[in-house]
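Overview (structure and organization)
Okay, here's what each chain looks like letter by letter:
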Amino acid sequence: MLCLGIEGTAEKTGVGIVRDDGEILAIKGKPLIPEKGGIHPREAAEHHARWIPVLVREACHDAGVEIDEIGLISFSRGPGLGPALRTVATAARTLALSLRIPIVGVNHCIGHIEIGRLTTGARDPVSLYVSGGNTQVIAFNQGRYRVFGETLDIAVGNMVDQFARESGLGHPGGPVIERLARESSGYIELPYSVKGMDLSFSGLLTAALRKLEAGAGLEDLAYSLQETAFSMLVEVTERALAYTEKNEVLLCGGVAVNGRLREMMETMCSEHYVDFHMPPPEYCGDNGAMIAWLGHLVYRHSGPDSIRDTGVIQRYRTDEVDVPWMSESPG
Ligand code: ATP
Ligand code: FE2
């Protein structure tokens, strides 16, 4: 059976088609790149409304299937921006009703973890989920993905994006900062803030912006931001590993494409003799395939949602969701 997944929690529209055995047949995406400033929720919603029909057609073409061969519709019901989520949900309901097929609404964050497990073969990892909206250390325990630690203020991706925007580097900041960091000649001291398994990035952002104003070089600041933030991420992941006694680490979310973060995590994992997994870059950031694959898992264990239960959940927490498929094969 084929599931078509629609993603649109933030500024990227994604559509994917995945078979129930995990074969990914299509992954199409279209990011909204703002000319200046950040992402406006209404503009994100308009972007999704414009691109979902196009990407659905392109995904069917790539997969070599007709739309009526799709057997299940899955969509990200949260967490995310309200107007963006509602546009995605409306598109998903319209497709399911017109094709007369079942629908499931799924949790975006768990989508990142499940596509990571599918594409890397990780079984029961400590997951570090790092993106523009989220920074969480997650591990499966007693039927759910539990959040062992998370950011107490802004997400690491958001911190990097804000720094880039304020320095005139555009959006998204992650790739530019990574490139600039490679040209640095030295580390500039920045605040390092870890509390147990929780983290804080806003002080780091403010300090970096102050140093920029005071004349510090952009390359050195980019390097120092990365080294400080990523060391914090490695520390909390290491602590979660020790606590849970798991023997795998999975990196996921949009920031997981960063080469320096991958290198630092890999070093920590090899020091502890645990397996390190990182998905191919196209499955790290928001994409429709992760929603389609999670749709299969949810549908298989819990059946479809009724249309009246497909409302969006803007603050949908990772640990609110039962994950029965992990209880069957947790490790
Ligand atoms: P979520 O809803 O899960 O928070 P999101 O809307 O932030 O997702 P993602 O595609 O998961 O979307 O992540 C986007 C983030 O990844 C942005 O903050 C972007 O700057 C960051 N990013 C992208 N490439 C890199 C990179 N090379 N290094 C660091 N960060 C990166
Ligand atoms: Fe995401």
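A few words now on the coordination of the iron ion (ligand 2). Distances from the iron ion (ligand 2) to its protein donors, His-108 (NE2), His-112 (NE2) and Asp-286 (OD), fall at 1.9 to 2.2 Å. If you list the donors of the iron ion (ligand 2) from N- to C-terminus, the spacing comes out as H-x3-H-x173-D. With His-108 and His-112 both in helix H3 (residues 108–120), this residue pair falls four residues apart, about one helical turn. For the pair His-108 and His-112, a shared accessibility class is recorded, and that class is buried.

Here we come to the site of ligand 1. Not every one of the 22 residues close to ligand 1 is listed here, only the nearest: Tyr-129, Ser-131, Gly-132, Gly-133 and Asp-161. A distance of 2.4 Å separates an oxygen atom of ligand 1 from a polar side-chain atom of Tyr-129. One nitrogen or oxygen atom from the main chain of Gly-174 is found 3.1 Å from an oxygen atom belonging to ligand 1. Counting residues per element, the ones that place at least two in the shell around ligand 1 are H3, helix H4 (156–166) and helix H5 (174–181). With three residues, H5 is the largest single contributor of residues to the shell around ligand 1. Within the shell around ligand 1, the residues separate by chemical class into six nonpolar, 13 polar and three charged.

This paragraph deals with the environment of Leu-99. Here Leu-99 is to be found in helix H2 (residues 82–99). Look at Leu-99 and you get partly exposed, because its relative accessible area is 22%. Linking Leu-99 and Val-137, residues 38 residues apart in sequence, is a C-alpha distance of 38 Å. Dropping the residues within four chain positions of it, Leu-99 is found in contact with Ile-67 and Asp-68.

Relative to strand E8 (residues 144–150), strand E7 (residues 135–141) runs antiparallel, the two sharing six bridges. Residue pairing across strands places Phe-140 opposite Tyr-145, the latter belonging to E8. Where E7 hands over to E8, the hairpin turn is made up of two residues, of which Gln-142 adopts a positive phi near 50°.

Taking 1.5 Å of rise per residue, 15 residues should cover 21 Å, and helix H9 (residues 288–302) covers 21 Å from first to last C-alpha, within 8% of that figure. Summarising burial for H9: eleven of the 15 residues are buried, a large majority. For H9, the complete set of buried residues consists of Gly-288, Ala-289, Met-290, Ile-291, Ala-292, Trp-293, Leu-294, Gly-295, His-296, Leu-297 and Val-298. You can read the cap of H9 off the contacts: a side-chain oxygen lies 3.0 Å from the backbone nitrogen of Ala-289, and it is on Asn-287. Just past H9, the residue Gly-303 takes up positive phi, approximately 75°.

Looking at the element boundaries, Ser-76 is found in strand E4 (residues 72–78). Classification of Ser-76 as buried rests on a relative accessible area of 1%. A distance of 3.0 Å separates a polar atom in the side chain of Ser-76 from a polar atom in the side chain of Glu-7. Those residues within four positions of Ser-76 in sequence are excluded, and the remaining contacts are Ile-6, Glu-7, Gly-8, Thr-9, Leu-85, Val-88, Val-106, His-108 and Ile-291.

Our focus in this paragraph is the side chain of His-108. Note on His-108: relative accessible area 4%, which makes it buried. Side-chain polar atoms of His-108 contact the side chain of Thr-9, separated by 3.3 Å. A polar atom in the side chain of His-108 sits 3.1 Å from the side chain of Asp-286. Setting aside its immediate chain neighbours within four residues, His-108 contacts Glu-7, Thr-9, Ser-76, Gly-78, Pro-79, Tyr-129, Asp-286, Met-290 and Ile-291.

We now examine the packing of H5 against helix H7 (residues 218–244). Close contact between H5 and H7 brings their axes to 7 Å; oriented N to C, the two are set at 110°. The angle between H5 and H7 falls in the class roughly perpendicular. Facing Ile-177, Glu-178, Leu-180 and Ala-181 of H5, the residues of H7 in contact are Leu-218, Glu-219, Ala-222, Tyr-223 and Gln-226. Its residues assigned to classes, the contact of H5 with H7 shows six nonpolar, one polar and two charged.

Take the sheet that holds strand E2 (residues 12–19) next. Spatially, E3-E2-E1-E4-E5 is the arrangement adopted by the five strands of the open sheet, whose pairing is mixed. Pairing within the sheet leaves two strands with one partner each, and these edge strands are strand E3 (24–31) and strand E5 (103–107). With strand direction ignored, the average angle separating the axes of adjacent strands in the sheet is 20°. Pairing analysis gives four bridges linking strand E1 (residues 2–7) to E4, with the strands arranged parallel. Bridging across to E4, Ile-6 finds its partner in Phe-75.

Our focus in this paragraph is the pairing of E5. By the criterion of burial, E5 is predominantly enclosed, with five of the five residues buried. Across the two faces of E5 the burial is the same, with Ile-103, Gly-105 and Asn-107 and Val-104 and Val-106 all buried. As paired elements, E4 and E5 share five bridges and run parallel to each other. From the neighbouring strand, Phe-75 faces E5, where its bridge partner is Gly-105. Handedness of the crossover is the feature at issue here: the chain leaves E4, passes through H2, returns alongside E5, and the resulting connection is right-handed.

Parameters at a glance
Residues numbered from 1 in each chain as written. Chains lettered and ligands numbered in written order. Predicted model: local features only at pLDDT ≥ 70, side-chain atom pairs only at ≥ 80, totals over all residues. Heavy atoms only, no water. Donors = N, O, S within 2.8 Å, 3.2 Å for Na, K, Ca; no water. Helix = DSSP H or I, 4+ residues; strand = E, 2+ residues; numbered from the N terminus. Buried < 20%, exposed > 50% of the residue type's maximum accessible area, 1.4 Å probe, protein only. Near = heavy atom within 4 Å. Polar contact = N/O pair within 3.5 Å; in protein donor to acceptor, adjacent residues only side chain to side chain. Nonpolar A, V, L, I, M, F, W, Y, C, P; charged D, E, K, R; others polar. Contact = heavy atoms within 4.5 Å. Pairing = 2+ DSSP bridges. Expected span 1.5 Å × (residues − 1). Axes fitted to C-alpha atoms, helices over the stretch in contact; angles between N-to-C directions. Parallel < 35°, antiparallel > 145°, perpendicular 65-115°, else oblique. Right-handed = clockwise from strand over helix to strand, strands pointing away.

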